[in-house]
Structures are given as C-alpha cells and as structure tokens.
Amino acid sequence: MAKELNINQRLDKESKYKDLLPQIKSLIEGEENIIANLANICAALKQTFNFFWVGFYLVHNNELVLGPFQGSIACTRIPFGKGVCGTSWKEQKTILVEDVDTFPGHIACSSLSRSEIVVPVFNKNNVVTMVLDIDSDKFADFDETDQKYLEQLAFIIQNNLNV
Ligand code: SME
C-alpha cells in the first residue's frame, strides 16, 4: 500500500528529521523486503532534503556493493577501509567530511561532490552490514544534527529489518 510523506518543507532541518523518522519507521514496518525498504528510505530522504546523492552500500563478500540509491550513477564496489564508505565500515562509526578533497583516499563518484556523511548500519549482533552514504555539492553541508538523526535512522533499520 503506497503512502505519502507528510513533511512541512518550511521547517528547519532538525524538525524535518523529527517528522521524518517516525514516518520512515511506519513505512518499513509493514514490509519485510530489504531492497524495497532501503529504496523507499532513499526516496524519503531525497524528497525531504533534496540531497545531491543518497544511497546504501551493502557488505557483500568482504566489500561494499552499491545498493538502492537516489542520484547519479555511482561506483559499484568499495573495498574495506577505502574511501569514506570503507573507512566508516572499518572504524564502525559515522564519518563527517566537510571537504571531500581533504579526505585521504576519497572516492569521487561525482566531480560535483563537495561534502559527505557516511553512517554505518549494524545488525542485531552489532556487525556492520551496510553504510548509508549522503553527498552534497556544497562544502560542509552536514553537521552534528545530521549525524544524530541519521544514526537514529540506522538504529531504526537495525531494529526493523533483518540486515
Ligand atoms: N565518496 C564515497 C564513494 C561513494 S559515492 O560518493 C556515491 C567514498 O569515498 O567512499
């Protein structure tokens, strides 16, 4: 059953996250297919914040493989510890990059990307099984507010999906 997002675009960023997260939770609760749910999460984030690029990379055979996303075509595989995504996976923590050109080993899927946030998603055994990657075409576009709520989103995914 299709649903509609209800987000007031005039709200500030934090208020939008507060509106969005419960709606994502109810969106994925009734569906068990992981790809369907991750695809809808990307669409919901894109619709709410108009991110330049938003998507998931899933751990598969000891590398990250491109999953559902919204944005331009992107690199399909990222090794453990490489780029911002592989570093987030290796260090099992969120990585905020204000200027991608200063991040050693940054993997440029788009030459327009300027800043980035990558949040690891854990399974119920606390193993990283995917990362959520969001790119902006503006410098320093992400901050602690994004980190706080995207980590809450990762927790919702952990608790609601068999990842
Ligand atoms: N910049 C990422 C690669 C993925 S794209 O941004 C979509 C990285 O350095 O891991």
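Calculation notes
Residues numbered from 1 in each chain as written. Predicted model: local features only at pLDDT ≥ 70, side-chain atom pairs only at ≥ 80, totals over all residues. Heavy atoms only, no water. Buried < 20%, exposed > 50% of the residue type's maximum accessible area, 1.4 Å probe, protein only. Helix = DSSP H or I, 4+ residues; strand = E, 2+ residues; numbered from the N terminus. Contact = heavy atoms within 4.5 Å. Salt bridge = Lys/Arg side-chain N within 4 Å of Asp/Glu carboxyl O. Phe/Tyr/Trp six-rings, centres within 6.5 Å; stacked < 30°, edge-to-face > 60°. Near = heavy atom within 4 Å. Polar contact = N/O pair within 3.5 Å; in protein donor to acceptor, adjacent residues only side chain to side chain. Areas by Shrake-Rupley, 256 points an atom, 1.4 Å probe, with all protein chains shown as cover. Nonpolar A, V, L, I, M, F, W, Y, C, P; charged D, E, K, R; others polar.

Caption draft 1: Focus on helix 3 (residues 83-91). Along helix 3, 7 of the 9 residues are buried, which leaves the element largely enclosed by surrounding structure. Along helix 3, the positions that sit buried rather than exposed are G83, V84, C85, G86, T87, S88 and W89. Where helix 3 is buried, its residues meet strand 1 (53-60), strand 2 (63-70), strand 3 (77-79), strand 4 (95-97), strand 5 (115-122) and strand 6 (128-136). Two residues or fewer after helix 3 comes Q92, characterised by a positive phi angle close to 55 degrees.

Caption draft 2: Local environment of unusual backbone geometry. Despite not being glycine, N50 shows a phi value in the positive range, around 50 degrees. With respect to the helices and strands, the residue N50 is situated in the loop between helix 2 (34-49) and strand 1. The phi dihedral of N61 is positive, around 50 degrees, even though this residue is not glycine. Tracing the chain through its elements places N61 in the loop between strand 1 and strand 2. Relative accessible area serves as the criterion here: at 65%, N61 is assigned to the exposed category.

Caption draft 3: Representation of the pattern of salt bridges in the model. Tallied over the full model, the rule gives 7 salt bridges. The shortest N-O distance in the salt bridge between D143 and K13 comes to 3.1 Å. With D143 in the loop between strand 6 and helix 4 (144-160) and K13 in helix 1 (residues 13-29), the pair connects residues that are 130 residues apart, well separated along the chain. With a relative accessible area of 29%, D143 lands in the partly exposed category. The shortest N-O distance in the salt bridge between D137 and K138 comes to 3.7 Å. On the basis of relative accessible area, D137 is assigned to the partly exposed category, the value being 39%. Taken together, the salt bridges that share partners define one network made up of K13, D143 and D146.

Caption draft 4: Molecular detail of the packing of aromatic side chains. Inspection of the entire model under this criterion finds 7 aromatic pairs. With 5.4 Å between their ring centres and 10 degrees between their planes, Y17 and Y149 make a pair best called stacked. Residue Y17 is located in helix 1, and its partner Y149 is located in helix 4; the two are separated by 132 residues in the primary sequence. Given the relative accessible area of 4%, Y149 is considered buried.

Caption draft 5: Expanded view of the site of the ligand. Surrounding the ligand, one finds 13 residues, the nearest of these being V84, C85, I107, C109 and D135. Contact distances for the ligand include 3.3 Å between a nitrogen atom and a side-chain N or O atom of H106. When the ligand is considered free in solution it has 310 Å² of accessible area, and contact with the protein chains removes 99% of it. Among the secondary structure elements, those contributing two or more residues to the shell around the ligand are strand 1, helix 3 and strand 6. At 3 residues, helix 3 tops the list of elements feeding residues into the shell around the ligand. Partitioning the shell around the ligand into residue classes produces 8 nonpolar, 2 polar and 3 charged.

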